[in-house]
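The primary structure of each chain is shown beneath.
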Amino acid sequence: MRECPSSDLPALPEGFRPKLAISACLIGEEVRYNGGHKASQFCTRVLAEHVDFVPVCPEVAVGLGVPRQPIRLVGDAAQPRALGSVTPSLDVTAPLAEYGERMAASLSGVSGYIFMHKSPSCGLERVKVYREDGVPGPDGGRGLYAQAFCAARPDLPVEEDGRLCDPVLRENFLVRVYAYAQWQHLLAHGLTKGRLLAFHARYKYQLMANHPQHYKTLGRLLGSMGRDQAETIAPHYFSALMAALSRCATRGTHSNVLQHIAGYLRGSLDRAGRQELEQLIAQYRNGVVPLVVPLTLLKHLFRLYPHPYIAGQVYLQPHPETLSLRNAI
Ligand code: SF4
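Since the structure is predicted, the reported quantities are computational estimates derived from the model, not experimental observations. In this numbering scheme, every chain counts its residues from 1 along its sequence in written order. Note on the predicted model: pLDDT of at least 70 is required for a residue's local features to be given, and 80 or more for side-chain atom pairs to be given and counted; whole-chain, interface and lining totals, by contrast, use all residues. As a convention, hydrogens and water are excluded, and side-chain values are obtained from all of the structure's heavy atoms.

### A word on the confidence of the model for the protein chain
Thought 1: The predictor rates its confidence in each residue with pLDDT, a number between 0 and 100. Per-residue confidence for the protein chain gives a mean pLDDT of 95, with 98% of residues at or over 70.
Thought 2: Contacts were defined at the residue level, with two residues in contact if any of their heavy atoms lie within 4.5 Å. Within the model, pLDDT remains below 50 along residues 1-6, and this stretch shows 15 contacts once partners closer than five positions in the same chain are excluded.

### Focus on the pairing of strand β1 (residues 19-23)
Thought 1: Under the scheme applied here, a residue whose accessible area is under 20% of the maximum for its type counts as buried, over 50% as exposed, and between as partly exposed, the area being computed with a 1.4 Å probe on protein chains only. Under the DSSP-based scheme used, a helix requires at least four consecutive residues in state H or I and a strand at least two consecutive residues in state E, with every element numbered from the N terminus. Among the 5 residues that make up β1, 4 are buried, leaving the element largely enclosed by the rest of the structure.
Thought 2: Think of it like this: strands point away, you trace from the first strand over the helix to the second, and a clockwise trace means the crossover is right-handed. After leaving β1, the chain enters helix α1 (residues 41-46) and then returns to the sheet as strand β2 (residues 52-56), a path that is right-handed.
Thought 3: Here, any two strands with at least 2 DSSP bridges between them count as paired. As defined by bridge partners, β1 adjoins strand β5 (residues 113-115) across 2 bridges and the pair is classed as parallel. Residue pairing for β5: A21 is matched across the bridge by Y113.

### A few points about the sheet that holds strand β7 (residues 158-160)
Thought 1: With parallel pairing, 4 strands are arranged side by side in an open sheet as β2-β1-β5-β7. In this open sheet, the two edge strands, each paired with only one partner strand, are β2 and β7. Each strand axis lies, on average, 25° off the axis of its neighbour in the sheet, ignoring direction.
Thought 2: With axes taken as lines fitted to C-alpha atoms, and helix axes fitted only over the stretch in contact, angles between N-to-C directions fall between 0 and 180 degrees. Running over the sheet, helix α4 (residues 144-152) touches β2, β5 and β7 and is turned about 160° from β5.

### Digging into the packing of helix α10 (residues 251-262) against helix α12 (residues 292-304)
Thought 1: Running from N to C, α10 and α12 cross one another at 15°; their axes reach a closest spacing of 11 Å. For the element pair α10 / α12, the angle class is roughly parallel. Both α10 and α12 take part in a crossing whose hand is left-handed. Facing L258, I261 and A262 of α10, the residues of α12 in contact are P294, L295, L298 and F302.
Thought 2: Residues are grouped as follows: Ala, Val, Leu, Ile, Met, Phe, Trp, Tyr, Cys and Pro are nonpolar; Asp, Glu, Lys and Arg are charged; every other residue, Gly included, is polar. Of the residues that constitute the contact of α10 with α12, the class distribution is 7 nonpolar, no polar and no charged. For this classification, under 35 degrees means roughly parallel, over 145 means roughly antiparallel, 65 to 115 means roughly perpendicular, and everything else is oblique. It is the rotation of the near helix from the far one that decides the hand of a crossing: anticlockwise by less than a right angle makes it left-handed, clockwise makes it right-handed.

### Observations regarding the site of the ligand
Thought 1: Taken together, 14 residues sit near the ligand, with C25, C57, E59, M116 and C122 positioned nearest.
Thought 2: In the shell around the ligand, the residues fall into 8 nonpolar, 3 polar and 3 charged. In these notes, residues near a molecule or strand are those with any non-hydrogen atom within 4 Å of it.

### Observations concerning the environment of G223
Thought 1: Of note, G223 is situated in helix α8 (residues 212-223).
Thought 2: The spacing of G223 and I233 is 10 residues in sequence and 11 Å in space, taken between C-alpha atoms.

### Quick word on the domain arrangement of the protein chain
Thought 1: Taken domain by domain, the protein chain holds domain 1 (19-165) and domain 2 (251-327).
Thought 2: An automatic or database domain assignment supplies the start and end points of every domain. Between the C-alpha centres of domain 1 and domain 2 there is a distance of 39 Å.

### A closer look at unusual backbone geometry
Thought 1: Cis geometry is found at the peptide bond from V66 to P67, where omega equals -5°.
Thought 2: Here P67 is to be found in the loop between α2 (58-61) and β3 (71-74).
Thought 3: Here the phi dihedral of K118 falls at roughly 70°; this positive angle occurs in a residue that is not glycine.
Thought 4: Assignment of secondary structure puts K118 in the loop between β5 and β6 (129-130).
Thought 5: The class of K118 is exposed, set by a relative accessible area of 62%.
Thought 6: Of note in the backbone geometry, S324 takes a positive phi value of approximately 55° without being a glycine.

Shown next as structure tokens:
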């Protein structure tokens, strides 16, 4: 079996804390139109232990003040305007879009963004768009600041606070945040062909869990890379990687990966040991136990029977263990 060339890859420092941009109202800042906030328990009590938040309130930033009249999206859902809901002559369409572009450039150090749902500025999807007669239209839109920001940073992991209540989406988002941070770390230390290959090798099983077909496609892309082509290929590779990771892994794909990894222990375990591992993987596949159960046994076994290729795999711990994200999936 292949060795993982991970020694060439600069590791994130111990206790590393990614920077996450966040709608300021979600961490309790009283910046909403009514002077209130929308503090998210998960963000303020759990995530805050592991990440550094960069709070942003675009409506305050474009000068709307607190308190203020609420704004809403009006017109064509694909290209709405942001108008005052009391005074429609208040039009902040351009300022919100310009601020989104500006922040996308200036927040280059963030590894993800958590947006407030339903907001005409920050919402990512299904934000109400009103017709000119004041009646909500059938199609939802995207907040104008979020739209401009995401268009300028298409690879950045983004999620809405509400969707983070779903354990699968939450885990998936944090996998992407740490992958993004690892990539930023790699670029900061200098991109080389060896490091790019090492990065891909480390993500093998994570990719197989999220998107097995993309793992092969990405491998082929890197396989065609000439000696001096790392700089040219890297952006394409990374965009495709982030797209692949944004697809959620399932019990089926996770089980498949667990079985592959268990294969590395074949020569070390006796029959009873192999059966116990297989049983736990089957129980996970059937929804009897969460992912953390077979993973804990696997990690324990690899402490007893270390394997350098598996030791380099992100899949075994893509985010801090203390976040307990795999206890609920
Ligand atoms: S503009 Fe965004 S950050 Fe500001 S209050 Fe509205 S949702 Fe929260």
